[in-house]
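Secondary and tertiary structure notes
The primary structure of each chain is shown beneath.
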Amino acid sequence: MLYIKKSTDDVEMKMDLYEDEIFSSCPICGKEHEVQPDELAHIIQSGDDFSGTSIFCNGCLYHD
Ligand SMILES: [Zn+2]
């Protein structure tokens, strides 16, 4: 799941996602980490379900 650390309504969500720091919880260790804009762009371009996407932290991503 991707989220930002401030309240917003659904209409402004997409705009804010580009402007603010975006966080995700790692599906393996549960660690909260910041999502880089290029990672976010890749998710959007791939057509994945945005809210259902989890991004691994660097520790899990590069560990087997
Ligand atoms: Zn992790």
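See the structure printed just above.
Residues numbered from 1 in each chain as written. Predicted model: local features only at pLDDT ≥ 70, side-chain atom pairs only at ≥ 80, totals over all residues. Heavy atoms only, no water.

Right, let's talk about the overall build of the chain for a bit. The number of helices and strands found in the chain is three helices and three strands. Across the chain, helices and strands are ordered from the amino to the carboxyl terminus as β-α-β-β-α-α. A total of 64 residues make up the chain; the buried ones form 25% of that total. Of the roughly 4,800 Å² of accessible surface on the chain, a fraction of 52% belongs to carbon and sulfur atoms. (Helix = DSSP H or I, 4+ residues; strand = E, 2+ residues; numbered from the N terminus. Buried < 20%, exposed > 50% of the residue type's maximum accessible area, 1.4 Å probe, protein only. Areas by Shrake-Rupley, 256 points an atom, 1.4 Å probe, with all protein chains shown as cover.)

On to a nonpolar patch on the surface, then. A contiguous nonpolar patch, built from Ile28, Phe56, Leu61 and Tyr62 and spanning about 460 Å² of accessible area, is present on the exposed surface. A residue is classified by how much of its surface remains accessible, and Ile28, at 58% relative accessible area, is exposed. (Patch = residues over 30% accessible without salt bridge, like charges linked within 9 Å, V, L, I, M, F, W, Y side chains within 5 Å. Salt bridge = Lys/Arg side-chain N within 4 Å of Asp/Glu carboxyl O.)

Bringing the coordination of the zinc ion into the picture now. Within the protein, Cys26 (SG), Cys29 (SG), Cys57 (SG) and Cys60 (SG) serve as the donor atoms for the zinc ion, at 2.3 Å. For the zinc ion, the four donor atoms in the first shell make angles of 105 to 115° at the metal, so the coordination geometry reads as tetrahedral. In primary-sequence terms, the residues that donate to the zinc ion follow C-x2-C-x27-C-x2-C. Placement of the pair is Cys29 in the loop between strand E2 (22-25) and strand E3 (32-35) and Cys57 in the loop between helix H2 (37-46) and helix H3 (58-61), with a sequence separation of 28 residues. (Donors = N, O, S within 2.8 Å, 3.2 Å for Na, K, Ca; no water. Tetrahedral: all angles 85-135°; square planar, octahedral: opposite > 155°, others 65-115°.)

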